[in-house]
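# Topology and contacts: notes
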Amino acid sequence: SYTSFMVFDRSTGTRVGLQELLDPLSVQSLSLIAEREFRSMKEIPPDTPINQAGFWFEDEKFALPSNFGLTDSSIIFYYNSYEIAAYVNGPTELVLAFNDISSIVPDSSPLHPFTEK
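Below: a short report on this structure.

Rules and cut-offs
Residues numbered from 1 in each chain as written. Predicted model: local features only at pLDDT ≥ 70, side-chain atom pairs only at ≥ 80, totals over all residues. Heavy atoms only, no water. Salt bridge = Lys/Arg side-chain N within 4 Å of Asp/Glu carboxyl O. Helix = DSSP H or I, 4+ residues; strand = E, 2+ residues; numbered from the N terminus. Buried < 20%, exposed > 50% of the residue type's maximum accessible area, 1.4 Å probe, protein only. Pairing = 2+ DSSP bridges. Axes fitted to C-alpha atoms, helices over the stretch in contact; angles between N-to-C directions. Contact = heavy atoms within 4.5 Å. Expected span 1.5 Å × (residues − 1).

### Overview of the pattern of salt bridges
Opposite charge on two side chains permits them to pair, given that their charged atoms come into close proximity. Per the counting criterion, the structure on display carries 1 salt bridge. Residue Arg39 is joined to Glu35 by a salt bridge in which the shortest nitrogen-to-oxygen separation is 3.0 Å. Highlighted residues: Arg39 and Glu35, both in helix 2 (residues 24-41), separated by 4 residues, approximately one helical turn. For Arg39, a relative accessible area of 11% corresponds to the buried category.

As structure tokens, this is what we get:
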């Protein structure tokens, strides 16, 4: 099986990527937050190379997938089987609550209204 999320702009119907939701600096910050959550979820210490824990990230560097979806309260990043680990490990779903990323979402982002406290 394969799961694919798609995010669309309601007013234009065009598909939206992270680059339309966040500026480049915010995407970098989001990646750091996501890596911390991923390592916590998979019980990988910060000083352990990520691929040593059985993953297949290019150049031993955590990377966000382009496959993501939005809920009313979170952003979901979804790695299908074989994308970052063996099939036997299954897919990996990484959920980041908007409350946890509110500090990196610029006021100009379409996500800003959802991250306001």
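### Examining the sheet that holds strand 3 (residues 92-97)
Pairing is antiparallel in the open sheet, where 3 strands are placed in the order 1-2-3. The open sheet terminates on both sides in strands that have one partner only, identified here as strand 1 (68-70) and strand 3. On average, each strand axis in the sheet is tilted by 20° relative to the strand beside it, whichever way the strands run. Looking at chain direction, strand 1 and strand 2 (residues 74-79) are connected through 3 bridges and run antiparallel. Paired with Leu70 across the strands is Ile75, a residue of strand 2.

### Side note on the pairing of strand 2
For strand 2, the buried fraction is high: 6 of the 6 residues fall into the buried class. The side-chain alternation of strand 2 yields two buried faces, one formed by Ser74, Ile76 and Tyr78 and the other by Ile75, Phe77 and Tyr79. As paired strands, strand 2 and strand 3 are joined by 6 bridges and run antiparallel to one another. In the sheet register, Ser74 faces strand 3, and the bridge partner there is Ala97.

### Looking at the environment of Val27
Looking at where Val27 falls in the secondary structure, it is placed in helix 2. Distance in space between the C-alpha atoms of Val27 and Thr92 is 20 Å, their sequence separation being 65 residues. If sequence neighbours within four positions are ignored, Val27 has contacts with Leu18 and Leu22.

### Brief notes about helix 2
Compared with an ideal rise of 1.5 Å per residue, which puts 18 residues at 26 Å, helix 2 spans 25 Å between its outermost C-alpha atoms and is within 8% of the ideal. Buried within helix 2 we find Ser26, Leu30, Ser31, Ile33, Ala34, Phe38 and Arg39. Residues of helix 2 that are buried in the fold lie against helix 1 (18-21), strand 2, strand 3 and helix 3 (98-101). Following helix 2 by one or two positions, Glu43 has its phi on the positive side, about 55°.

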